[in-house]
Amino acid sequence: MTRITSDGEILCGIQLPIQAQSELLRQPWEPDATVADLVAIAQTAEEAGLGFVGVCDHIAIPDNDYAAHMSTTWYDTVATLSYLAAHTGAIRLLSEVYVIAYRHPLMTAKAFTTLDRLSGGRAIMGVGTGHVEAEFEALGLNFADRGRMADEAIDAVRAAVEASGGFCEFSGEFYRFKDMGVGPAAVQREIPIWVGGSSRPALRRVAERGDGWIPMHTPREAMAEQLDYIRAHAEAVGRDPNEIDFAWMAGSIHVGEPTEGVLPSARPGVSGPPEQVAEWLRYAHDLGASVLFVWFRARDVSEYRDQIAAFGADVLPLLAA
């Protein structure tokens, strides 16, 4: 297990719009956006110097009160990342986050080794336990087992990926296999696994098994305490916390003063000139975080891409200072 960033480096990236359309978070233009728009945004992110783009994961959304605002539009994670791999050349491709208990570990390993091979070694496997109970029920899975299943699945996937196309074995409570080979071999000897979540079990999972942490739903004021918890638990289980890429979800950003029609975001954040935006984001340095997730507010696809370009040209250089 290892981190992918260097000391002092800040790797910035985005969860792509369009591919996941929760009614609570999507912007008004997203339902009518096209696949070409999605590709153009990923290409703009790459051209601007961002380090990764992310795609979410749900298989099926139930018709109930819990999921009432989720919508049913969630592009398939690996299929979408593979399509974007063919239209980009350097930017990393992140699942954010892949509900790892939904598939057998051999299926997950196959999907991500293939993505890594097709993309030339750009896959990052962001994983989580999931939160929609009815989705688990529809798949014939026990919602209460999801944490233990996720722990086992991470270990089993690692065993399959690190076998590099050779044969591997695993024996656990939920998954057992022996003398099974998964190919093609990944370009990366170890595909980075970033663990998402902010609960205590999720933080322990990061400390014990993660190459990185995706702090889903962790507010700014709780970041320091949660990072301290991960670091302390990592040391307690014999891991060096400096081997982990810690992320901060920095919220919504608009470079420049928002004009009429740029809506407030459900994610707190910042708007203003580049230095003001950079000052907000420098909090990552204080935390010791090496990864930044940002979101951009815009009235349409064109302005969204302009925001990414402005961020890359005017804000990213200030973060390196």
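Higher on the page you've got the structure.
The structure displayed is predicted, hence computed values, not measured ones. (Residues numbered from 1 in each chain as written. Predicted model: local features only at pLDDT ≥ 70, side-chain atom pairs only at ≥ 80, totals over all residues. Heavy atoms only, no water.)

Bringing the packing of aromatic side chains into the picture now. Inspection of the entire model under this criterion finds 12 aromatic pairs. Where F136 meets F143, the ring centres are 5.3 Å apart and the plane angle is 80°; that geometry is what we call edge-to-face. Overall, F136 belongs to the buried group, its relative accessible area being 0%. Under the relative-accessibility criterion, F143 is labelled buried at 17%. Taken together, W29, F296, Y304 and F311 form an aromatic cluster joined through their ring pairs. Above the plane of the ring of Y98 lies R103, whose end atom (NZ or CZ) is 4.2 Å from the centre. (Phe/Tyr/Trp six-rings, centres within 6.5 Å; stacked < 30°, edge-to-face > 60°. Buried < 20%, exposed > 50% of the residue type's maximum accessible area, 1.4 Å probe, protein only. Lys NZ or Arg CZ within 6 Å of the ring centre and 35° of its normal.)

Attention shifts here to the side chain of S119. In this fold, S119 is placed in helix α3 (residues 105-119). Among the residues examined, S119 registers a relative accessible area of 7% and is labelled buried. Reaching out from S119, the side chain makes a polar contact with the backbone oxygen of D116 at a distance of 3.3 Å. Once residues within four sequence positions are removed from consideration, S119 is found in contact with A85 and L93. (Helix = DSSP H or I, 4+ residues; strand = E, 2+ residues; numbered from the N terminus. Polar contact = N/O pair within 3.5 Å; in protein donor to acceptor, adjacent residues only side chain to side chain. Contact = heavy atoms within 4.5 Å.)

On to the nonpolar core, then. I14, W248, L281 and F311 are the most contacted members of the largest nonpolar core, which has 88 residues in total. Filtering out sequence-adjacent residues up to four positions away, I14 remains in contact with I41, A45, L50, F52, V53, G54, E96, V294, F296, Y304 and I308. (Core = buried A, V, L, I, M, F, W, Y, C linked by side-chain atoms within 4.5 Å.)

Inspection of every chain in the model, using the stated rule, returns one cavity of 30 Å³ or more. One number sums up the size of the largest cavity: a volume of about 40 Å³. In terms of lining, the largest cavity is formed by M125, V157, R158, V161, E162, E190, I191 and I193. No other element matches the four residues that helix α5 (residues 146-162) contributes to the lining of the largest cavity. Grouping the constituent residues of the lining of the largest cavity by class yields five nonpolar, no polar and three charged. (1 Å grid on protein atoms, 1.4 Å probe; cavity = no way out; pocket = protein on both sides within 12 Å on 5 of 7 lines; lining within 4 Å. Points joined across faces, edges and corners; volume = space filled by probe spheres on them. Nonpolar A, V, L, I, M, F, W, Y, C, P; charged D, E, K, R; others polar.)

With that settled, the discussion passes to unusual backbone geometry. Generally, phi is negative for residues other than glycine and the peptide bonds are trans, each holding for most cases. A cis geometry characterises the amide bond from E96 onward to V97, with omega recorded as -10°. With respect to the helices, strands and loops of the structure, V97 is situated in the loop between β3 (92-95) and β4 (98-99). In the segment running from G183 into P184, the intervening peptide bond is cis, with an omega of 10°. Among the structural elements, P184 can be located in the loop between β7 (176-181) and β8 (193-196). The phi dihedral of S71 falls on the positive side, at around 65°, and the residue is not glycine. Given the relative accessible area of 15%, S71 is considered buried.

Its volume calculated, the second largest pocket comes out at about 170 Å³. Taken together, the residues of the lining of the second largest pocket break down into five nonpolar, five polar and four charged.

Moving on to the environment of A85. Among the structural elements, A85 can be located in helix α2 (residues 77-85). Overall, A85 belongs to the buried group, its relative accessible area being 7%. In the structure, A85 is positioned 202 residues away from L287 in sequence and 31 Å away in space, judged by C-alpha atoms. Among all residues touching A85, those that are not within four sequence positions of it are L93, S119 and R122.

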